[in-house]
Amino acid sequence: MMTLIDGFDKVSQIEEKMLSEITHFAQYDDIPYVADFKCPECGETGEGYIHKPGGYVEMDKGKLIGYCSTPYGYQMVFECPHCFTKYRYHNCTTGRNEWHTFKSELFLVWILQNPFA
Ligand SMILES: [Zn+2]
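Residues numbered from 1 in each chain as written. Predicted model: local features only at pLDDT ≥ 70, side-chain atom pairs only at ≥ 80, totals over all residues.

J.: I would appreciate a short explanation of the sheet that holds strand β4 (residues 63–70) in the present structure.
T.: Strands belonging to one sheet form pairs held by backbone hydrogen bonds; the direction of such a pair is parallel or antiparallel. Strand order across the open sheet formed by four strands is β1-β4-β5-β6, with mixed pairing between neighbours. The strands lining the two open edges of the sheet, one partner per strand, are β1 (23–24) and β6 (86–89). In this sheet, strand β5 (residues 73–79) lies alongside β4 in antiparallel orientation, the contact comprising seven bridges. The partner of Cys 68 across the bridge, within β5, is Gln 75. Against the sheet, helix α2 (residues 99–113) engages β4 and β5, with an angle of about 165° to β4. (Pairing = 2+ DSSP bridges. Helix = DSSP H or I, 4+ residues; strand = E, 2+ residues; numbered from the N terminus. Contact = placed C-beta atoms within 7 Å. Axes fitted to C-alpha atoms, helices over the stretch in contact; angles between N-to-C directions.)

J.: Teacher, can you tell me more about helix α1 (residues 4–21) here?
T.: For an α-helix, the turn length of 3.6 residues means that residues three or four places apart are oriented alike. With 18 residues, α1 ought to run about 26 Å at 1.5 Å a step, and its terminal C-alpha atoms sit 26 Å apart, in line with that. Of all 18 residues in α1, zero are buried, a share of ten percent or less. (Expected span 1.5 Å × (residues − 1). Buried ≥ 20, exposed ≤ 12 C-beta atoms within 10 Å, placed from the backbone.)

J.: Is there a simple way to explain the confidence of the model for the chain in this structure?
T.: Low pLDDT means the predicted atomic positions in that stretch should not be read closely. In this model, the chain carries a mean pLDDT of 90, and residues with pLDDT of at least 70 account for 100%. At the level of individual helices and strands, the chain shows its lowest average pLDDT in strand β2 (residues 45–52), which scores 83, and its highest in β1, which scores 97. (pLDDT = per-residue confidence, 0-100.)

J.: Can you walk me through the pairing of β4 in this structure?
T.: Moving residue by residue along a regular strand, the side chains alternate between the two faces of the sheet. Bridge analysis of β1 against β4 gives two bridges, and the strand direction is parallel. In the strand pairing of β4, Thr 23 is matched with Gly 66. Joining the antiparallel neighbours β4 and β5 is a turn of two residues.

J.: For this particular structure, what's the right way to read the pairing of β5?
T.: Among the seven residues in β5, five count as buried, and that is most of the element. For β5 and β6, the ladder comprises four bridges, and the chain directions are antiparallel. Counted as the bridge partner of Val 77 is Arg 88 from β6. Turn length for the β5-β6 hairpin, with the two strands adjacent in sequence and antiparallel, is six residues, and the turn residue Phe 84 shows positive phi of about 65°.

Listed below in structure tokens is the structure:
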């Protein structure tokens, strides 16, 4: 039977796997910041949906490829699956200045992309 401690260990192991697979971008200012979570090049990908007259329309999601530390807090780095442009977005409201909180939010995004990790 799996205990709570085993569960925490498993999460730590998967977090380590995530950190080994994504990139810590040291030069954040080479990557454009977007406020609206939409690819700054083609505008066709991002959050997974876009609001247009008449309602929400689905769009492809940006692929989480890493994170960076900026003067405005941690940000997630995404890559557009259409045009491969990289862009950064907070995608995190409360934890942007605190690594452990940010890492938990990063993990949620990553695990949704990698459900069998
Ligand atoms: Zn794009």
